[in-house]
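Understanding the architecture of this molecule
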Amino acid sequence: MDKKRANGRYYTCGNPFQLEPFQTWAEELNLERHTVLEPFAGTKSLPRLIDSAQLRCGNWALFDIEPGATGIVQRDTLSDFPKGFNVCITNPPWLARNSATRRGLPFPEAAGYNDLYKYALEQCLAHCEWVAAIIPEAFIRSGLFLQRLRDFISLVPRTQYGTKQERKRKEMSYMFEDTEHPVGLALFSPYVTSDVRVWRNNRFLGRLSELRTHLPLPSCNRSIVFNEPRGSLGLIAIDNTFSASIRFCPPAELAGYPVRSQCRSITRIGVPWRVNIELLNARLATIREKTHDVFFTAFKGLRRDGHYRRRLDWALARAIVDMEHLQLEMNME
Ligand SMILES: C[S@@+](CC[C@H](N)C(=O)[O-])C[C@H]1O[C@@H](n2cnc3c(N)ncnc32)[C@H](O)[C@@H]1O
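Now for a look at the structure at hand. (Residues numbered from 1 in each chain as written. Predicted model: local features only at pLDDT ≥ 70, side-chain atom pairs only at ≥ 80, totals over all residues. Heavy atoms only, no water.)

Our focus in this paragraph is the sheet that holds strand E9 (residues 203-207). Here we have nine strands laid out as an open sheet, ordered E3-E2-E1-E4-E5-E7-E6-E8-E9, and mixed in their pairing. Looking at which strands have only one partner, the edges of the open sheet turn out to be strand E3 (73-74) and E9. For strand E4 (residues 87-90) and strand E5 (residues 130-136), the ladder comprises four bridges, and the chain directions are parallel. Bridging from a neighbouring strand, Thr90 pairs with Ala133 of E5. Each of strand E1 (35-38), strand E2 (59-64), E4 and E5 touches helix H3 (residues 45-52); the most contacted strand, E2, lies at about 155° to it. Across the sheet, helix H5 (residues 116-127) touches E4, E5 and strand E7 (183-188), and the angle it forms with E5 is around 175°. (Pairing = 2+ DSSP bridges. Helix = DSSP H or I, 4+ residues; strand = E, 2+ residues; numbered from the N terminus. Contact = heavy atoms within 4.5 Å. Axes fitted to C-alpha atoms, helices over the stretch in contact; angles between N-to-C directions.)

It is worth spelling out the sheet that holds strand E13 (residues 266-270) at this point. As summarised here, the arrangement of the four strands in space is E10-E13-E11-E12, forming an open sheet in which the pairing is antiparallel. In this open sheet, the two edge strands, each paired with only one partner strand, are strand E10 (225-226) and strand E12 (247-249). With respect to the sheet, helix H8 (residues 277-291) is in contact with strand E11 (233-236) and E12, its orientation differing from that of E12 by roughly 175°.

Attention now goes to the pattern of salt bridges. Taken as a whole, this structure holds 13 salt bridges when the rule is applied. Across the salt bridge formed by Arg288 and Asp293, the nearest N and O atoms sit 2.9 Å from each other. Considered together, Arg288 and Asp293 belong to a single accessibility category, that of buried residues. Put simply, Asp239, Arg288, Asp293, Arg303 and Asp305 are held in one network by salt bridges that share partners. (Salt bridge = Lys/Arg side-chain N within 4 Å of Asp/Glu carboxyl O. Buried < 20%, exposed > 50% of the residue type's maximum accessible area, 1.4 Å probe, protein only.)

What follows is the structure, encoded as structure tokens:
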């Protein structure tokens, strides 16, 4: 397992290349005219998927540090990236720095990234004009490489919980054979883009800059204290497995939960003014609806309503609580 982890090896099995935004991207660059680079080719899943999406490309140039099929050139492409290719379609290795450190695995520290896929993506963008990369869904919240990013698709398996057969289909439709990590497909162009179009599968959610307008202003109000055992506000910061259930609540509801200092899920918050829980939850609901949860961290596994489970991070929770305070202050003036 660790060898698999060291090379960030999770093979693609869903087919994101059938989606409209990818088809438009492929059309624009004239895919069939190009030799496409796959610098982390694994078992050649991506050429197969492109084929079954009825797309053609001129040819493939396939590399991997540990080729899993014939026709792949053995090369450490992270330290010796192949040159001379305009188009790159890939699913690079993913490996979080802390996971590498914990397991004693090698990690390119010099680049300063917290995940190997970011370094791999930087290499692809440095050497290729058009890049399509299957990467963690969390990428869209990282703020990285936005200049040439034109589309970002959150890839959500389509089938939902239901009968045993449906559940089996759902498992099959996940992007990876051995992880249910939330994934996205990032489409880059050679040009500086004015904005990023954000999609959930084929559904256009909005432009990134427009979605951001629905977020409250960031707050650095440190009088709002998270994981405060005697805090006057409760927060259930993760969705359950059924629906979008993140909510603020009276602290009495959490009486049975120990508040731990590192907790990021169910906690109490110290707020030095009287909070209106209903208002906070209404605000939260509006943000979720208007932003389509794009800025909420996704969890492994789907909710029964077919969406990823999400988590509300402390920065956004603080901004929501502080926003209410600012409004109260304004009303009193
Ligand atoms: C996430 S897997 C993806 C495989 C394939 N692209 C797919 O979608 O099925 C990442 C691949 O990167 C390869 N890899 C990891 N580090 C590498 C390196 N330094 N140079 C070349 N390939 C590497 C792994 O061997 C693995 O096959």
